[in-house]
Number of protein chains: 4
Amino acid sequence: MVSARRTGQDVRVSEFQPLDPLFAERVRASFRRQRVMETIGAELVVVEPGHCEIELPYRADLTQQHGFLHAGIATAIGDSAGGYASFSLMPAGSAVLAVEFKVNLLSPAQGERFRAVGRVKRPGKRLTVAAFDVLAIDAQGGEKVVLTGLQTVICLPDSEGRSG
Amino acid sequence: MVSARRTGQDVRVSEFQPLDPLFAERVRASFRRQRVMETIGAELVVVEPGHCEIELPYRADLTQQHGFLHAGIATAIGDSAGGYASFSLMPAGSAVLAVEFKVNLLSPAQGERFRAVGRVKRPGKRLTVAAFDVLAIDAQGGEKVVLTGLQTVICLPDSEGRSG
Amino acid sequence: MVSARRTGQDVRVSEFQPLDPLFAERVRASFRRQRVMETIGAELVVVEPGHCEIELPYRADLTQQHGFLHAGIATAIGDSAGGYASFSLMPAGSAVLAVEFKVNLLSPAQGERFRAVGRVKRPGKRLTVAAFDVLAIDAQGGEKVVLTGLQTVICLPDSEGRSG
Amino acid sequence: MVSARRTGQDVRVSEFQPLDPLFAERVRASFRRQRVMETIGAELVVVEPGHCEIELPYRADLTQQHGFLHAGIATAIGDSAGGYASFSLMPAGSAVLAVEFKVNLLSPAQGERFRAVGRVKRPGKRLTVAAFDVLAIDAQGGEKVVLTGLQTVICLPDSEGRSG
């Protein structure tokens, strides 16, 4: 599997059972409605139960004052990766919203492209806790974690939220 | 003063003494180099010692799946506001980098425009702690805090970092 | 009022309306069940709608390796102050649990005693966001903020949680 | 090795090279000076380069209002575990102080005893980022993560801080 090879693991058997067999399509449809992702050029590349990866090529118009990717943009793809990792485990018809997150910026975000990897740490009916990392990838494919985060998201049932 | 009126205070006497009398120009020059701010349409509207405000008009191409401003974009202006509030108190020739931040999303980010307000909580030679809020402003000028954050930034002296 | 004088304000009119007129007794009863507070010598000194203060005298047996109050103990009174500020606005019969918090340690926690001040930032039916500060107070009554935090707590209705 | 067996791994080869060959003794000596650890009954059980584990038996006098371990006490052992994981990689003569941390409370802290596991995520000359988990262990030895955290600590060189 592409995603497994990419993260350097031979096999990845998810520890999570999705409630909704159509979780991947549901996640992809919601991601397409996140218009900011198209604006910055981010792409959803992996959706598995409790796991999501988003890639973003470097663009000079997304940088901070030293030419690195702005921490807010790195956070945007990290937050979405963690949120969609969480959303993949939620029931059909629900909506997901971020409650809070915290990031540590480990290194300047320099690279040809960036990959945000979100993973559920503790799923819940209402609140889910996810972790996310953002990796910078250089021209030779070398990877470096530049940002690591912890996040809480809330599942809004059908009656309360808009779907997605 | 515009900023004082805008935040509903008649007088605002800063509690901080800037080390660099040209702090405001230094902050403005660095902000102009944050190319992502131009990309998303954000503007630096207030720079005072230990205090900084950034405004961003609503744009549909910066939204998440429900049409609200994406949390990562709200965080981007909050992070920059806190970072520049901190940078205003640093000596000439230094550079500023975010170490970490944490945000709580208090309400969906709905509004005609948004204002990030960054304030230094504890300045330091090396590490500065700042707080930031992002307010949503509706068509009638009504304001609502939609995001609140705490942040640590580091001051890199001339010899270690690039200026700004 | 003692608390108003103590915080240097002549008048403090709460911006919050408690749902439960007996909120203060409910908070005090729950605090008494937090056995760790008695163990460390902490006392609940102020309970108002959306606001709570806890005091802790310095004790050498609560210190870290340099003789300052351990960050975990400062966090314990901050977390309880924020949690009880939140609990004061919850309905009778509910229970409160911390979901997450984040603290910045602004200065070494040196003092004769410490006061944690918790304040609700955004109340909610389910999730409440609170802020808390911990102040160190010296022999002359001088105060210094040594820790500042942001916190999310959840309200568990009667049917789900144990009261308190 | 006890620690390796305990964490269910057959072999653990550290990815970090300590600067100080006497790191373990230095960490143990500093831990003994954290008087709060003795007060609550916590013990340092594993010290490896960039890795530290602290155990705490359940005690009713450390609980919150529902009889679970208070989040502040769980945080205290987590903060110390992350701090000492970081300190193990610092040079002889330096001192360590926590700058900030953030915790998510994943489950009520119920158990016979608790183990905090701290691991360095990114070491630095000045700032180190660590992660920590607190596990609850039941009478049958079953483990459950009840708290997860991210932390920044600072290394104070000999000239600035007290040793330890």
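Summary of the structure given here. (Residues numbered from 1 in each chain as written. Chains lettered and ligands numbered in written order. Predicted model: local features only at pLDDT ≥ 70, side-chain atom pairs only at ≥ 80, totals over all residues.)

## Section: the overall build of chain A
Note the following rule: Here a strand is any run of E in DSSP of at least two residues, a helix any run of H or I of at least four, and the numbering for each starts at the N terminus. Think of it as a crowd count around each C-beta: if 20 or more other C-beta atoms lie within 10 Å the residue is buried, if 12 or fewer it is exposed, and in between it is partly exposed, with C-beta placed from the backbone throughout.
Within chain A one finds four helices and six strands. Listed N to C, the secondary structure of chain A is α-α-α-β-β-α-β-β-β-β in terms of helices and strands. Counting the 164 residues in chain A, one finds 53% classified as buried.

## Comments concerning the interface of chain B and chain A
Threshold: We call two residues in contact when their backbone-placed C-beta atoms lie within 7 Å. Under the scheme applied here, ten amino acids are nonpolar (Ala, Val, Leu, Ile, Met, Phe, Trp, Tyr, Cys and Pro), four are charged (Asp, Glu, Lys and Arg), and all others, including Gly, are polar. A pair of strands is considered paired only if DSSP assigns at least 2 bridges between the two.
Opposite the 30 residues of chain B that make contact, chain A presents 30 residues. Mapped by element, the contributors of at least two residues to the side of chain B that touches chain A are α2 (23-33), α3 (35-40), α4 (71-87) and β3 (95-105) of chain B. Element by element, the count of residues in the side of chain B that touches chain A is highest for β3(B), at eight residues. Taken together, the residues of the side of chain B that touches chain A sort by class into eleven nonpolar, twelve polar and seven charged. The sheet contact formed by strand β3 (residues 95-105) of chain A and β3(B) spans five bridges and is antiparallel. Within β3(B), the residue paired with E100(A) across the bridge is N104(B).

## Some thoughts on the interface of chain C and chain A
Across the boundary between the two partners, chain C contributes five residues, which contact five residues of chain A. Of the residues forming the side of chain C that touches chain A, the biggest block, three residues, is contributed by strand β3 (residues 95-105) of chain C. Its residues placed into classes, the side of chain C that touches chain A shows two nonpolar, one polar and two charged.

## Quick word on the relation of the copies chain C and chain A
Test applied: Least squares is the method for superposing the copies, and the C-alpha atoms it fits come from residues with pLDDT of at least 70 in both.
When chain C is brought onto chain A, the operation consists of a screw motion whose angular component is 180 degrees and whose axial shift is 0.0 Å, with 0.0 Å RMSD remaining. Put plainly, the chains are arranged around a two-fold axis. The rotation axis passes nearest to the C-alpha of K102(C) in chain C, at a distance of 4.2 Å. Most of the interface of chain C is mirrored in chain A, where 100% of its interface residues are also at the interface.

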